[in-house]
Amino acid sequence: MTSQEIHEKIKLQFPNAVLESKTEGVVDPFIKIAPEFMADVASFIRGNEELDFDFLMCLSGIDYGKGTLGAVYNIFSMKHSHKLNLKVEVPKDIAELPSVSQIWNTANWHEREVYDLIGIIFIGHPDPRRILMPYDWEGHPLRKDYKTPEFYQGMKIPY
């Protein structure tokens with residue numbers, strides 16, 4: 001199934017969910033999904049027999065600047081050997097997305113990493129603790145406006 005056919009299936013099922021798409025003439029086709037539809041779209045593409053996206057290869061967080069954060073879901077179907085990227089953007093001041101960890105188990109740690117480094121909160125995540133930074137670290141180091149603190153627990157940070 002081509003990326004365009006996948007896009008059409010998603011658009012047919014969720015007419016208001018697809019905000020943008022580039023499925024032809026690009027190396028990595030993507031579909032941009034409205035944040036409030038992300039969990040529903042993920043559940044649909046995972047459970048639909050023709051799509052069967054059963055493998056979340058990677059989930060990355062991005063600070064686009066100008067008050068916008070994003071998440072990119074790289075997904076693959078082992079059965080059908082097709083892949084797709086789903087993109088979601090959220091405002092920095094309301095950085096929340098529904099968790100997809102109950103749909104793809106690998107999202108568990110990926111979502112924790114994105115929260116830890118970018119600051120997107122995944123609603124419904126079973127274990128939202130920090131995973132890379134200490135539990136009491138302030139801020140999210142991969143945000144463009146992040147300022148490295150001079151001290152951490154009384155120790156000078158050597159940067």
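Let me begin by describing the structure that accompanies this report. (Residues numbered from 1 in each chain as written. Predicted model: local features only at pLDDT ≥ 70, side-chain atom pairs only at ≥ 80, totals over all residues. Heavy atoms only, no water.)

1. Some thoughts on helix α2 (residues 38-47)
At step 1: Along α2, the residues that are buried comprise Met38, Ala39, Val41, Ala42, Phe44 and Ile45.
At step 2: On its buried side, α2 packs onto α1 (3-13), β2 (30-33), β4 (68-76), β5 (83-91) and β6 (96-98). (Buried < 20%, exposed > 50% of the residue type's maximum accessible area, 1.4 Å probe, protein only. Helix = DSSP H or I, 4+ residues; strand = E, 2+ residues; numbered from the N terminus. Contact = heavy atoms within 4.5 Å.)

2. A short note on the packing of aromatic side chains
At step 1: Under the definition given, this model contains two aromatic pairs.
At step 2: Taking the centre distance of 5.7 Å and the plane angle of 80° together, the rings of phenylalanine 14 and phenylalanine 44 count as edge-to-face. You can see phenylalanine 14 sitting in the loop between α1 and β1 (18-22) and its partner phenylalanine 44 sitting in helix α2, a full 30 residues away along the chain.
At step 3: For phenylalanine 14, a relative accessible area of 14% translates into the label buried.
At step 4: According to the relative accessible area criterion, phenylalanine 44 is buried, its value standing at 16%.
At step 5: Centre to centre, the rings of tryptophan 137 and tyrosine 152 are 5.0 Å apart; their planes meet at 45°, and the pair counts as tilted. With a gap of 15 residues between them, tryptophan 137 in the loop between β7 (121-123) and β8 (151-152) and tyrosine 152 in strand β8 connect regions that are remote in the sequence.
At step 6: Judged by relative accessible area, which is 17%, tyrosine 152 ranks as buried.
At step 7: Sitting over the face of the ring of phenylalanine 151, lysine 156 holds its NZ or CZ atom 5.7 Å from the ring centroid. (Phe/Tyr/Trp six-rings, centres within 6.5 Å; stacked < 30°, edge-to-face > 60°. Lys NZ or Arg CZ within 6 Å of the ring centre and 35° of its normal.)

3. Observations concerning the pattern of salt bridges
At step 1: One pass over the full model with this rule turns up eleven salt bridges.
At step 2: Glutamate 89 is the partner of lysine 32 in a salt bridge, and the nearest nitrogen-oxygen pair spans 3.3 Å. With lysine 32 in strand β2 and glutamate 89 in strand β5, the pair connects residues that are 57 residues apart, well separated along the chain.
At step 3: Of the residues examined, lysine 32 reaches a relative accessible area of 15% and is grouped as buried.
At step 4: Take glutamate 89: its relative accessible area is 31%, and that puts it in the partly exposed class.
At step 5: Here the residues in one salt-bridge network are Glu20, Lys22, Lys32 and Glu89, joined through shared partners. (Salt bridge = Lys/Arg side-chain N within 4 Å of Asp/Glu carboxyl O.)

By themselves these figures say nothing about function.
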